[in-house]
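Structural overview for review
Listed below, chain by chain, are the residues.
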Amino acid sequence: MVNPTSSSMQQNALCASAFNGYQSSACTASTLSSSAFSTSSLVERLRLAAVQNHAEAQYALGCAYWFGQGIAQSETEAVTWFGAAAKQGHGEAQYALGDAYGLGRGILQSYIESVAWYRCAAEQGNAAAQYMLGRAYWHGEGVIQSYAEAIVWFRLAAVQNITAAQFMLGKACWLGWGVTQSDDEAVTWFGAAAKQGHKDAQCALGDAYGLGRGILQSYIESVAWYRCAAEQGHAHAQWALGDAYWCGQGVAQSYIESVAWYRCAAEQGHARAQCALGDAYWCGRGVTQSYIESVAWYRCAAEQGHARAQRKLGDAYWLGRGILQSYIEAVAWYRCAAEQGHAAAQYELGDAYRRGQGIEQSYVEAVTWFGAAAKQGYAHAQYALGDAYWLGRGILQSYIESVAWYRCAAEQGHADAQHALGDAYRCGRGILQSYIESVAWYRCAAEQGHADAQHALGDAYRCGRGILQSYIESVAWYRCAAEQGHADAQHALGDAYRCGRGVTQSSVAAVSWFEQAAEQGFEQAQLELGKLYQTGEGDVAPHSGRATYWLRRAALQGNEEASQALRALNGS
């Protein structure tokens, strides 16, 4: 038997080797020295000291059993010896026993027992145990949840340079959980952990630099920290780095690099990266365009509950791109996203109800979903809700409410809403009549290429309502709309050429524009063509056949003047 007194130096050396080798799964980066228990004889000598109640030897023997160094691995035996040392107040053994209870390794899992032993070690100043006790309070495992208590223990561990504790303390300061919110303090702790290679902290520091929270905003610094974390396999940082390359913020813009990083994160199951990769395939940026691949990635994210991916998958089903077209499936995915509060999906679901596509038609349901999206500031929904109030579909008719919602959308630049608001001012419905205001809103929409607004602005210039009268300006706006196929504008432009107002008179040009409008079924243009061909005018020779054709088409739409002209042409 080894005399504990005479061999204390050797025992302590063995114990020191074991202590240096013990590794916590959460906090300690060191690994057990392969030479600490190189022979079974050393382990046996350690055992002799342990059975004589030498705490350091008991802990060291527990480490040997835990890692299977110099002896057959046995977590049960390890826990036995950890327990023996822990009961003598050995801090590292108490911490190790806390780990064993928390993991349920070598002993029945118990968070309560785990916390009890972590506390014993933590109160002796064991930094790793302090961190684990903080984690227990943070998550409420084995103890009543308390962010404030968690912060106390995280801070004690953080000042001892435990990187995980520094990160958690930074996170608490960032969120204001258990401590006064402070971006500055958060960044300090993130930085401390990040410089030691903690990937979560590196990613968080990337966020801080990107947002300019607690530190001077810098996309270059943000990207640098994201890259550190991304190269360690941090999925969120990989996604963020992909976004930086996509937008060219802090790094030279590159869709190819962006897609590469999105893919790294997506293949780890990161939903936002999966959705972003779906976007890349949808538009063919940084990758060969493929709706099929796009849909596959959208589905991966959608099935994780990612609202935007659910909406995009709904779009794919609605359009039949990359997947068999199905309004029913589209509506199902729109609903998934809409119920999470996704404004665009709420609008699409409302539109499906309005149209009765993929679901039973219901104006009431349409208005409900339009309203939900409109209140979030979604311009398309605000315009649609304005229409519902204007027409009294699914809701009590009200021009005042209609105009209010049109204005919300119009002020966001929604061209349809700007045109509708211009109409409201022109008619004086739901608002005090004003041609000046009407023209102002028509112009906003017209300058965005809105054909109806361009035609209306042409009318305003022609009549001099709300603006100085000008046939030249009138014709310019009519032409903009006419070239987009707007039948009213084509007819108006034809009339301008016929009369020579704002443009050099030309009967041939008039006929050309009248014909374009007439072919679209525009009744007045058909009548004008019929009359031109009936009598002839300028360079247009009379032509009874063409006159009859166009007058008949106008008459079939109920135009009495065309019917009379047709009878006169036929001599009846």
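Throughout what follows, the structure given in this document is the object of discussion. The model shown is predicted, which means the values in this text are computed figures rather than measured ones. (Residues numbered from 1 in each chain as written. Predicted model: local features only at pLDDT ≥ 70, side-chain atom pairs only at ≥ 80, totals over all residues. Heavy atoms only, no water.)

It is worth spelling out the overall build of the protein at this point. On a plain count of helices and strands, the protein comes out with 31 helices and zero strands. For 572 residues, the compact-globule estimate of 2.2 N^0.38 gives 25 Å, and the C-alpha radius of gyration of the protein, at 38 Å, exceeds that figure by more than 25%. Along the three orthogonal principal directions, the C-alpha set of the protein runs to about 135 × 45 × 45 Å. Of all 572 residues assigned to the protein, the portion counted as buried reaches 49%. (Helix = DSSP H or I, 4+ residues; strand = E, 2+ residues; numbered from the N terminus. Rg over C-alpha atoms; globule rule 2.2 N^0.38 Å. Buried < 20%, exposed > 50% of the residue type's maximum accessible area, 1.4 Å probe, protein only.)

Among the nonpolar cores identified, the biggest contains 41 residues, and Tyr131 and Phe154 are the most heavily contacted of them. Sorting the residues of this core by element identifies helix H6 (111-122), helix H7 (127-139), helix H8 (147-158), helix H9 (163-175), helix H10 (183-194) and helix H11 (199-211) as the ones contributing at least two each. Ranked by the residues each element gives to this core, the list is headed by H7, at nine residues. Every residue in contact with Phe154, bar those within four places of it in the chain, is listed here: Tyr131, Gly134, Arg135, Trp138, Ala165 and Met168. Formed by 37 residues, the second largest nonpolar core is a distinct cluster that contains Ala309, Ala316, Tyr317 and Val367. (Core = buried A, V, L, I, M, F, W, Y, C linked by side-chain atoms within 4.5 Å. Contact = heavy atoms within 4.5 Å.)

Within this structure, the stated rule accounts for 22 aromatic pairs. With 4.8 Å between their ring centres and 65° between their planes, Trp282 and Tyr291 make a pair best called edge-to-face. Among the aromatic residues, those joined into a cluster by ring pairs are Tyr131, Trp138, Tyr147, Phe154 and Trp177. Lying across the ring of Trp174, Arg213 places its NZ or CZ 3.9 Å from the centre. It is Lys312 that lies over the ring of Trp282; its NZ or CZ is 5.2 Å from the centre. (Phe/Tyr/Trp six-rings, centres within 6.5 Å; stacked < 30°, edge-to-face > 60°. Lys NZ or Arg CZ within 6 Å of the ring centre and 35° of its normal.)

Two packed helices can be described by the angle between their axes and the distance between those axes. Look at helix H13 (residues 235-247) against helix H15 (residues 271-283): their axes get within 9 Å of each other, and the N-to-C directions meet at 30°. Once H13 is placed against H15, the crossing between them reads as left-handed. Where H13 abuts H15, its residues His236, Trp239 and Trp246 lie against Arg272, Ala273, Ala276, Ala280 and Cys283. Among the residues forming the contact of H13 with H15, the class breakdown is six nonpolar, one polar and one charged. (Axes fitted to C-alpha atoms, helices over the stretch in contact; angles between N-to-C directions. Left-handed = near helix turned anticlockwise from the far one by under 90°. Nonpolar A, V, L, I, M, F, W, Y, C, P; charged D, E, K, R; others polar.)

This model, assessed by the stated rule, comprises 16 salt bridges. With a shortest N-O distance of 3.1 Å, Asp315 and Arg311 are connected by a salt bridge. Highlighted residues: Asp315 and Arg311, both in helix H17 (residues 307-319), separated by four residues, approximately one helical turn. Here the two residues Asp315 and Arg311 agree in accessibility, since each one is buried. (Salt bridge = Lys/Arg side-chain N within 4 Å of Asp/Glu carboxyl O.)

Our next topic: unusual backbone geometry. Positioned with a positive phi, Asn53 is a non-glycine residue whose angle comes to about 70°. Within the element layout of this structure, Asn53 appears in the loop between helix H2 (40-51) and helix H3 (55-67). The partly exposed category is assigned to Asn53, whose relative accessible area is 47%.

Looking now at the packing of helix H27 (residues 487-499) against helix H28 (residues 507-519). Running from N to C, H27 and H28 point in directions that differ by 165°, and their axes come no closer than 8 Å. With respect to each other, H27 and H28 are oriented roughly antiparallel. Handedness of the H27/H28 crossing: left-handed. Together, Ala487, Gln490, His491, Leu493, Gly494, Asp495, Tyr497 and Arg498 of H27 and Ala509, Ala510, Trp513, Phe514, Gln516 and Ala517 of H28 make up the contact between the two elements. Here the contact of H27 with H28 is built from residues that sort into eight nonpolar, four polar and two charged. (Parallel < 35°, antiparallel > 145°, perpendicular 65-115°, else oblique.)

To continue, consider helix H26 (residues 471-482). With twelve residues, H26 should reach 16 Å at 1.5 Å per residue; the first-to-last C-alpha distance of 16 Å fits that figure. Where the residues of H26 are buried, they touch helix H24 (435-446), helix H25 (451-463), H27 and H28. (Expected span 1.5 Å × (residues − 1).)

For Ser114, the position within the fold is in helix H6. Relative accessible area serves as the criterion here: at 4%, Ser114 is assigned to the buried category. Among all residues touching Ser114, those that are not within four sequence positions of it are Gly98, Tyr101 and Gly102.

Right, let's talk about the environment of Ala446 for a bit. Along the chain, the position of Ala446 falls in helix H24. Sequence spacing of Ala446 and Thr163 is 283 residues, and the spatial spacing of their C-alpha atoms is 59 Å. The residues touching Ala446, leaving out its near neighbours within four places in the chain, are Ala453, Gln454, Leu457 and Trp477.

The next thing to look at is the environment of Tyr245. Tracing the sequence through the fold places Tyr245 in helix H13. Separated by 210 residues in the primary sequence, Tyr245 and His455 place their C-alpha atoms 43 Å from one another. In this view, Tyr245 contacts Arg227, Val251, Ala252, Gln253, Ser254, Glu257, Ser258 and Trp261; residues no more than four positions away in its chain are not counted.

What follows deals with the environment of Cys264. Within the element layout of this structure, Cys264 appears in helix H14 (residues 255-266). Residues Cys264 and Gly233, 31 residues apart in the sequence, show an inter-C-alpha distance of 8.0 Å.

On to H17. End to end, H17 covers 19 Å across 13 residues, agreeing with the expected 18 Å (1.5 Å per residue, within 8%). The buried fraction of H17 amounts to eleven of the 13 residues, a majority that puts the element mostly inside the structure. Looking at the buried positions of H17, the neighbouring elements they touch are H15, helix H16 (291-302), helix H18 (327-338) and helix H19 (343-355). The positive-phi residue at the C-terminal boundary of H17 is Gly320, with phi of around 70°.

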